[in-house]
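# Structure assessment
One letter stands for each residue in the lines below.
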Amino acid sequence: MELIDQLTNLASRAQKQISHIQTEEATKNALIMPFINALGYNVFDPTEVVPEFVCDIGTKKGEKIDYAIMRDGKPIILFECKHAGGDLSINHASQLFRYFHVTEARIAVLTNGITYRLFTDLEQANKMDERPFMEFDLFNFQENDVAELKKLSKSSFNLEDMLFAAYNLKYMRAFKKYFDEQFTQPSNDFIHFVSKQVYDGVLTPKLKEQFAALVHRSFHQFLNDKITMRLRSAMVDTSGQSLLTPEVPAAPLPPAADLVGVEPADKGIDTTMEEAEGFMIVRAILRKTIPVNRVIMRDVQSYCGILLDDNNRKPICRLHFNGSKKYVTLFDIEGGERVDISSLDDLYGLASRIRVAVQRYETKPQEASAV
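Residues numbered from 1 in each chain as written. Predicted model: local features only at pLDDT ≥ 70, side-chain atom pairs only at ≥ 80, totals over all residues. Heavy atoms only, no water.

With respect to burial, strand β8 (residues 304-308) is a largely interior element, 5 of its 5 residues being buried. Here β8 shows a buried face lined by Cys304, Ile306 and Leu308 and a second buried face lined by Gly305 and Leu307. Alignment of strand β7 (residues 295-299) against β8, held across 5 bridges, turns out to be antiparallel. Its bridge partner being in β8, Met297 is matched across the sheet by Ile306. Counting the residues that bridge the hairpin from β7 to β8 gives 4 residues. (Buried < 20%, exposed > 50% of the residue type's maximum accessible area, 1.4 Å probe, protein only. Helix = DSSP H or I, 4+ residues; strand = E, 2+ residues; numbered from the N terminus. Pairing = 2+ DSSP bridges.)

Time to look at the side chain of Glu48. Within the secondary structure, Glu48 is located in the loop between α2 (24-38) and β1 (49-54). Looking at Glu48, its side chain comes within polar contact range of the main-chain nitrogen of Asn42, at 2.8 Å. Engagement of the side chain of Glu48 in a polar contact is seen with the side chain of Lys154, the distance being 2.5 Å. With residues up to four places along the chain from it excluded, the contact list for Glu48 reads Gly40, Tyr41, Asn42, Ala68, Ile69, Met70 and Lys154. (Polar contact = N/O pair within 3.5 Å; in protein donor to acceptor, adjacent residues only side chain to side chain. Contact = heavy atoms within 4.5 Å.)

This part covers the layout of surface pockets. Counted as a void, the largest pocket has a volume near 1600 Å³. Taken together, 32 residues line the largest pocket, and the ones lying closest to its centre are Gln142, Asn144, Lys176, Asp180 and Thr272. Put simply, the parts of the chain that give the lining of the largest pocket at least two residues each are β6 (134-137), α4 (143-149), α5 (159-184), α7 (205-234), α8 (256-260) and α9 (273-286). Per-element tally for the lining of the largest pocket: the top contributor is α5, with 8 residues. In the lining of the largest pocket, the residues fall into 13 nonpolar, 9 polar and 10 charged. In this model, the second largest pocket occupies a volume close to 280 Å³. (1 Å grid on protein atoms, 1.4 Å probe; cavity = no way out; pocket = protein on both sides within 12 Å on 5 of 7 lines; lining within 4 Å. Points joined across faces, edges and corners; volume = space filled by probe spheres on them. Nonpolar A, V, L, I, M, F, W, Y, C, P; charged D, E, K, R; others polar.)

Turning our eyes to something else, we now look at helix α11 (residues 351-363). The end-to-end C-alpha distance of α11 is 18 Å, a good match for the 18 Å that 13 residues give at a rise of 1.5 Å each. Within the sequence span of α11, burial applies to Ala351, Ile354, Arg355, Ala357, Val358, Arg360 and Tyr361. Packing partners of the buried residues in α11 comprise α9, β8, β9 (315-320), β10 (327-330) and α10 (346-349). (Expected span 1.5 Å × (residues − 1).)

Residues Leu7, Ile77, Phe79 and Phe136 are the most contacted members of the largest nonpolar core, which totals 43 residues. In contact with Ile77, not counting residues within four places along its chain, are Tyr41, Tyr67, Ala68, Ile69, Ala105, Ile107, Val109, Leu152 and Phe157. By size, the runner-up hydrophobic cluster in this structure holds 28 residues, among which are Ile306, Leu330, Tyr348 and Ala351. (Core = buried A, V, L, I, M, F, W, Y, C linked by side-chain atoms within 4.5 Å.)

Let us look at a nonpolar patch on the surface. Side chains of Phe175, Tyr178 and Phe179 sit close together on the surface and give an oily, nonpolar patch of about 320 Å² of accessible area. Checked against the element boundaries, Phe179 lands in helix α5. (Patch = residues over 30% accessible without salt bridge, like charges linked within 9 Å, V, L, I, M, F, W, Y side chains within 5 Å. Areas by Shrake-Rupley, 256 points an atom, 1.4 Å probe, with all protein chains shown as cover. Salt bridge = Lys/Arg side-chain N within 4 Å of Asp/Glu carboxyl O.)

Before going further, it helps to examine the packing of aromatic side chains. Taken as a whole and judged by the stated rule, the model has 6 aromatic pairs. Between Tyr178 and Phe190, the ring centres sit 6.2 Å apart and the planes meet at 70°, which makes this aromatic pair edge-to-face. In this pair, Tyr178 is assigned in helix α5 and Phe190 in helix α6 (residues 188-198), connecting sequence segments 12 residues apart. According to the relative accessible area criterion, Phe190 is buried, its value standing at 15%. (Phe/Tyr/Trp six-rings, centres within 6.5 Å; stacked < 30°, edge-to-face > 60°.)

Of note in this structure, Glu52 is not a glycine but carries a positive phi near 55°. Tracing the sequence through the fold places Glu52 in strand β1. The phi dihedral of Asp310 is positive, around 55°, even though this residue is not glycine.

What follows deals with the sheet that holds β7. Strands sit in the order β7-β8-β9-β10-β11 across an open sheet of 5 strands; the sheet is antiparallel. Of all the strands in the sheet, the pair left with one neighbour each is β7 and β11 (337-340). Averaged over neighbouring strand pairs, the angle between their axes works out to 20° when direction is ignored. Here β10 runs beside β11; their pairing, made up of 4 bridges, is antiparallel. Each residue of the ladder has a partner; that of Leu330, found in β11, is Glu337. Strands in contact with α9 are β7, β8 and β9; relative to β7, the strand with the most contacts, it is inclined by about 160°. Contacts from α11 reach β8, β9, β10 and β11, with the element oriented near 145° to β9. (Axes fitted to C-alpha atoms, helices over the stretch in contact; angles between N-to-C directions.)

Under the definition given, this model contains 20 salt bridges. Put simply, Glu362 and Arg294 hold a salt bridge, and the shortest N to O gap is 3.0 Å. You can see Glu362 sitting in helix α11 and its partner Arg294 sitting in the loop between α9 and β7, a full 68 residues away along the chain. Overlapping salt bridges, with partners in common, bring together Glu24, Glu25, Lys28, Glu52 and Asp66 in one network.

Here helix α1 (residues 3-17) crosses α2 at 175°, and the two axes come no closer than 10 Å. Looking at the two axes, α1 sits roughly antiparallel to α2. Where α1 abuts α2, its residues Leu3, Gln6, Leu7, Leu10, Arg13, Ala14 and Gln17 lie against Ala30, Leu31, Pro34, Phe35, Asn37 and Ala38. Of the residues that constitute the contact of α1 with α2, the class distribution is 9 nonpolar, 3 polar and 1 charged. (Parallel < 35°, antiparallel > 145°, perpendicular 65-115°, else oblique.)

Put into structure tokens, the structure is as follows:
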């Protein structure tokens, strides 16, 4: 069974069991041992996985780490475990810091069975970094997360490759975090830097205030334009023929800002760019069927709903993009049907069913099922 399938199954079991897992030992048995096993290591073979691995630290003898994964008689990965739901702040990694220093392992994992924080020593040799190079969430992971995690597996583990990947992951994670912060609320330093790239004069306080708003708007518009270009490219088949019917003019797709700006059904829900892009794809599919302003997005906690005429009794489809596997619910049949997808591009393959859902409401509105 593929790693992603094993982790998906583990996540499904964990969600049912989590309320009953009250201790660290229960967390190890129900969550962490199956996780290690999914990576290909036999948790019942002491030559591969050693529980309560002894790490002598100076004059302190008998110090133990929860699990050590072994290769050729030497530890390669250390696991420090907390109880399910427990805090994983750096203050709770003190034991892991000490153990990392006195063993030959270069990879350390701090986990509560749901969240796995992976560390190495990129900043100073033989001293564990304070910030993880990767964080894996059992209840919310994507395929690319699993691809990176697979490098820790028994069949794929190579220390040099793992350290190289850790270097890239750590700084890409930091860059993405910085970009996200600047996208949401550009800092004064960022605004100053960007402004100086396009304005040679003195940046007076008044100009800085004006540029702050312009930088924020430009950042959003730039991303909107990129999404629109990607969608237009995706709406052309391999022969170069547009998938839009000739009678439909190539009007601009709705700006992403307008889509994300749609108020969610539940306050405090954050609509992701992936959900916004999925909504735009559905709108593009339906352009030859109905005016796209009749296709409305309503985001809720567990899914992103796409409705006809903003009517909860006329669901077109639901986008379930927040879990470990993406899927959509289609309403071309009574009660709806789940369809798994691997990427947003798969929505185009469902175009006919998406159109049928709308046609059902147009021809028999009285039979529209409730969401």
